[in-house]
Amino acid sequence: MTQLSDAAWDSLLAMFKDLAEVVRADARDDRERLEGYRVLTRVMALCSELSLDVDPDVPRFLPMTTPMRHIAGPNPDGAYDLCAITAGRSYRITGSRETVTYLGFQVMAGTGLTPRRQAAYVSDTDLTLDEEGRFGFVLATSDPGTGEHWVEIPEDASAVVVRQYISDRATERVATYDIEQLEPAGPVAELTDATLADQLGAFMWTAFKLMTLHRTVLPELLTETNTLVTAEAASLGSENTTPDNLYMLGMFDLDPGQALVMDIEPPDCRYWSITLESIWHECLDPFRTRSSGTQAGFTPRPDGTVRVVIAADDPGVPNWLATGGRGRGYVVLRWLDNPAAPRVALAVAPLQEVSA
């Protein structure tokens, strides 16, 4: 008799083939094709951890990024963790705020074919800290009556995503936190056919989404290059970001010897950054090259504006972001706390002129 898990496994294998075809169809050159295959394997690794390496009675946060894995458009000057939670149960999150610039907790809802959505959000500005900088709050469908900070979540809440943004890694301490289920844990559950089929289904949904972001999130950027558009959470999908994160996105498309020059009037906020990504929304070697930067690392001009130069080769000027020789890729300018979009002027120029 055909089992649900058999069908799910066969669908998973078919999806891998389909995503390989996406890589072949959308890559413009061999480099993009090779990097696309590599991103696909990294997506598989991430989805395996998030979908199968879970115990519904013992929740734990898993890192979504690693030193070698920065996929799905993350901020490389940050940290991301995800914890799968079980619908209808209650949880307590405790931790220490430390000195990191930004900390936010996003509760997701929806599983399987139900579209993911943001169900609740707790910013660092919402936290109540004690004298030692520690915090705590409860996630539950109804007030548990314990007197703690209660955050209401829906019956189909399915995950908690934690984001941290770091302005200066040399001076800031990232927050620490943990999660526990309020209901007593039961005995280790035997793996069933239906459970595994559901997990493989979640694997497929997430993998397909992550590998096709360039087709689904502002696809017009693929042809409208060397310009930026302002994109709030609604246009990016509320499950992909939070209300206090704002973005300008674009795609650089440069010939050899060209540079994209960005003249920026910085937003009036505690954090802003610029990140370069590949066509597959993978950060460009952030720990080996300077392909991203925050407001703490950019050198302003006397009038307070910042000129950032995106190019394959070092032009010998401040604020160079390296493409690593890639002809095209995404530019992501992000900032916090909802001020107006910064003024940004872009121009493509010969690298020699920029250097001069």
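Model, not experiment: these values are computed from the prediction.

K.L.:
What's the story with helix α1 (residues 4-26) in this structure? I'm lost.
P.N.:
With 23 residues, α1 extends 33 Å from end C-alpha to end C-alpha; this agrees with the ideal 33 Å at 1.5 Å per step. Those residues of α1 that fall on the buried side of the exposure criterion are Ser-5, Ala-8, Leu-12, Met-15, Phe-16, Leu-19, Ala-20, Val-22 and Val-23. Taken together, the buried residues of α1 touch α2 (30-52), α3 (193-211) and α4 (213-216).

K.L.:
Which parts of the structure should I look at to understand α2?
P.N.:
Think of an α-helix as turning once every 3.6 residues; residues three or four places apart then point the same way. Compared with the 33 Å implied by 1.5 Å per residue over 23 residues, the 33 Å span of α2 between its first and last C-alpha is a close match. Those residues of α2 that sit buried are Glu-32, Glu-35, Gly-36, Val-39, Leu-40, Arg-42, Val-43, Leu-46, Cys-47, Leu-50 and Ser-51. Those residues of α2 hidden inside the fold are in contact with α1, β1 (62-63), β2 (78-84), α3 and β17 (328-336). Looking at where α2 begins, the residue whose side-chain oxygen comes 3.2 Å from the main-chain nitrogen of Arg-31 is Asp-29.

K.L.:
Would you take a moment to explain the sheet that holds strand β9 (residues 176-181) for this structure?
P.N.:
Working definition: the strands of a sheet are paired by backbone hydrogen bonds and lie parallel or antiparallel to each other. In spatial order, the strands read β7-β6-β3-β9; together these 4 strands make up an open sheet with mixed pairing. At either margin of the open sheet sits one strand with a lone partner, and together these are β7 (150-152) and β9. Here the strands of the sheet are splayed against their neighbours by 25 degrees on average, with no regard to which way each runs. In terms of strand pairing, strand β3 (residues 91-96) meets strand β6 (residues 134-140) through 6 bridges, oriented antiparallel. Each bridged residue has a counterpart across the sheet, and for Ser-96 the counterpart in β6 is Arg-134.

K.L.:
Quick question: what am I supposed to make of the sheet that holds strand β14 (residues 292-294) here?
P.N.:
Read from one edge to the other, the open sheet built from 5 strands follows the order β10-β11-β17-β13-β14, with strand pairing classed as antiparallel. Only two strands of the sheet have a single neighbouring strand rather than two, namely β10 (228-231) and β14. Shown here is a sheet whose adjacent strand axes are inclined to one another by a mean of 15 degrees, direction ignored. Examined bridge by bridge, strand β11 (residues 245-253) and β17 share 9 bridges and lie antiparallel to one another. By the bridge assignment, Met-251 is partnered in β17 with Tyr-330.

K.L.:
Would you take a moment to explain the packing of aromatic side chains for this structure?
P.N.:
When we look at a pair of aromatic rings, we describe it by the centre distance and by the angle of the planes. Summed over all chains, the structure comprises 9 aromatic pairs. Relative to Tyr-177, the ring of Phe-105 has its centre 5.7 Å away and its plane inclined at 75 degrees; by these criteria the two rings are edge-to-face. Here the residue Phe-105 occupies a position in strand β4 (residues 102-109), and Tyr-177 occupies one in strand β9, the gap between them amounting to 72 residues. Residue class for Phe-105 comes out buried when judged on its relative accessible area of 1%. Judged by its relative accessible area of 15%, Tyr-177 is buried. Each member of the aromatic cluster is reached from another via a ring pair, and the members are Phe-61, Phe-105, Phe-135, Phe-137 and Tyr-177.

K.L.:
What should I look at first to understand the pairing of strand β15 (residues 306-311) in this one?
P.N.:
Consecutive residues of a regular strand have side chains that alternate between opposite faces of the sheet. For β15, a buried count of 5 out of 6 residues is recorded, marking the element as mostly surrounded by other parts of the structure. Bridging between strand β12 (residues 258-265) and β15 involves 6 bridges; their strand directions are antiparallel. Following the sheet pairing, Val-261 is matched in β15 by Val-309. Examined bridge by bridge, β15 and strand β16 (residues 320-322) share 3 bridges and lie parallel to one another. Bridging from a neighbouring strand, Ala-311 pairs with Ala-322 of β16.

K.L.:
What exactly am I supposed to notice about the nonpolar core here?
P.N.:
Among the nonpolar cores identified, the biggest contains 45 residues, and Leu-12, Met-15, Val-43, Tyr-165, Met-211 and Leu-249 are the most heavily contacted of them. Where this core is concerned, the elements lending two or more residues are α1, α2, β2, β4, β8 (157-165), α3, β11 and β17. With sequence-adjacent residues up to four places away left out, Leu-12 is seen in contact with Leu-200, Phe-203 and Met-204. Grouped together as the second largest cluster of nonpolar side chains are 24 residues, Ile-85, Leu-127, Phe-137 and Ala-157 included.

K.L.:
I'm lost on the pattern of salt bridges in this one. Help?
P.N.:
Close approach of charged atoms allows side chains of opposite charge to pair. Summed over the entire model, instances satisfying the criterion amount to 20 salt bridges. When the shortest N-O distance is used, the salt bridge between Asp-30 and Arg-33 registers 3.4 Å. Of this pair, Asp-30 and Arg-33 both sit in helix α2, 3 residues apart, which is roughly one turn of the helix. By relative accessible area, Arg-33 is classed as partly exposed at 29%.

K.L.:
What is the right way to read the state of the cysteines from this model?
P.N.:
Working definition: the covalent bond between the sulfur atoms of two cysteines is a disulfide. Counted according to the given criterion, the structure contains 0 disulfides. You can see Cys-47 has no disulfide; the closest cysteine sulfur is in Cys-83, sitting 16 Å from it. For the unlinked cysteine Cys-283, the closest cysteine sulfur is that of Cys-47, found at 17 Å. The exposure class of Cys-283 is buried, given its relative accessible area of 6%.

K.L.:
Explain unusual backbone geometry to me, please; I cannot follow it from the model alone.
P.N.:
In terms of backbone geometry, most residues other than glycine have negative phi values and most peptide bonds are trans. Not every positive phi belongs to a glycine, and Ala-72 is a case in point at roughly 70 degrees. Accessibility expressed as a relative area gives 30% for Ala-72, which makes it partly exposed. With phi around 60 degrees, His-281 is a residue other than glycine that occupies positive phi space. Position of His-281 among the secondary structure elements: in the loop between β13 (272-277) and β14. With relative accessibility at 8%, the residue His-281 sits in the buried group.

Conventions used here
- Residues numbered from 1 in each chain as written.
- Predicted model: local features only at pLDDT ≥ 70, side-chain atom pairs only at ≥ 80, totals over all residues.
- Heavy atoms only, no water.
- Helix = DSSP H or I, 4+ residues; strand = E, 2+ residues; numbered from the N terminus.
- Expected span 1.5 Å × (residues − 1).
- Buried < 20%, exposed > 50% of the residue type's maximum accessible area, 1.4 Å probe, protein only.
- Contact = heavy atoms within 4.5 Å.
- Polar contact = N/O pair within 3.5 Å; in protein donor to acceptor, adjacent residues only side chain to side chain.
- Pairing = 2+ DSSP bridges.
- Axes fitted to C-alpha atoms, helices over the stretch in contact; angles between N-to-C directions.
- Phe/Tyr/Trp six-rings, centres within 6.5 Å; stacked < 30°, edge-to-face > 60°.
- Core = buried A, V, L, I, M, F, W, Y, C linked by side-chain atoms within 4.5 Å.
- Salt bridge = Lys/Arg side-chain N within 4 Å of Asp/Glu carboxyl O.
- Disulfide = S-S within 2.5 Å.

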